[in-house]
Amino acid sequence: MDFHASKVRDDFPFAKLRPGDSITVKFLVTYDLNDEGKVRRLQSMTWPAGKGVTSVPRLGGGATQLAAYGAYTAAFSAAEHERYAAFYTDDVTLELGSVPPIHGKQGIVDFYTPMFRRVREGLTIHKLLADDQAIFVDTTSTFTAVEDAPDFVVGALKAGEYIKVRVFVFYTLRDGLISTIKVARAGTPETYAADGARLR
């Protein structure tokens, strides 16, 4: 049986779950029926989660896999580095275009950790296409400064200001995990004051 989390479930009997997590558990159930064919007693046993089963890859084109992608983007926007990095292969490569390619799961975490101390990135998804090999996303990235960031790579920001830019993101998948990320700008960055007034 597959279990998919839509909210935090620290109390789930088989494992602690976060949104987008899924586990598969093997059950053996026997039913004792009465003369009318109704269940009067049932007994069940389970194997440890993941034992003796074939699990669905974490990311792909299925409904639960798309929900897992949503959990990935939420963890990324919340700067939950350990959680979003769990969606990467160890040898993942990130190509942003504005900086040299970033290699490895830890390399991506090391790149975003200092950035997210000053600037947070939120994602608004306009279109998403996915299968077992790749995910394509048309999205708007919103970079909001939590403190002054005069040297921010997309554009200088003061605390509270934000930049919006439309981007296309292409993810290559391997065994349900992200192995490459390629980002291309699809629009010109626009900078706004904290009150929403357009600055440039």
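Look a little higher up for the structure.
K.L.:
Please clarify how the environment of Phe14 should be interpreted in this entry.
P.N.:
Looking at the secondary structure, you find Phe14 in the loop between strand S1 (2-4) and strand S2 (22-24). Judged by relative accessible area, which is 28%, Phe14 ranks as partly exposed. Each C-alpha atom, one on Phe14 and one on Pro48, is 7.5 Å from the other, the two residues being 34 residues apart in sequence.

K.L.:
How should I be thinking about the side chain of Thr89 in this particular structure?
P.N.:
Structurally, the position occupied by Thr89 is in strand S5 (residues 88-95). On the basis of relative accessibility, which here comes to 7%, the residue Thr89 falls in the buried class. Discounting chain neighbours no more than four positions away, the residues touching Thr89 are Lys105, Arg174, Leu177, Ile178 and Ser179.

K.L.:
Just to check I follow, could you spell out the nonpolar core for this structure?
P.N.:
Generally speaking, a soluble globular protein has its nonpolar side chains buried in company with each other. Counting residues in hydrophobic clusters, the biggest one holds 35 residues, and the most contacted among them are Tyr72, Tyr84, Tyr88, Ile108, Tyr171, Ile178 and Ile181. Here Tyr171 is in contact with Tyr69, Tyr72, Gln133, Ala134, Ile135, Val137, Ile178, Thr180 and Ile181, once residues within four sequence places are set aside.

The rules behind these values
- Residues numbered from 1 in each chain as written.
- Predicted model: local features only at pLDDT ≥ 70, side-chain atom pairs only at ≥ 80, totals over all residues.
- Heavy atoms only, no water.
- Helix = DSSP H or I, 4+ residues; strand = E, 2+ residues; numbered from the N terminus.
- Buried < 20%, exposed > 50% of the residue type's maximum accessible area, 1.4 Å probe, protein only.
- Contact = heavy atoms within 4.5 Å.
- Core = buried A, V, L, I, M, F, W, Y, C linked by side-chain atoms within 4.5 Å.

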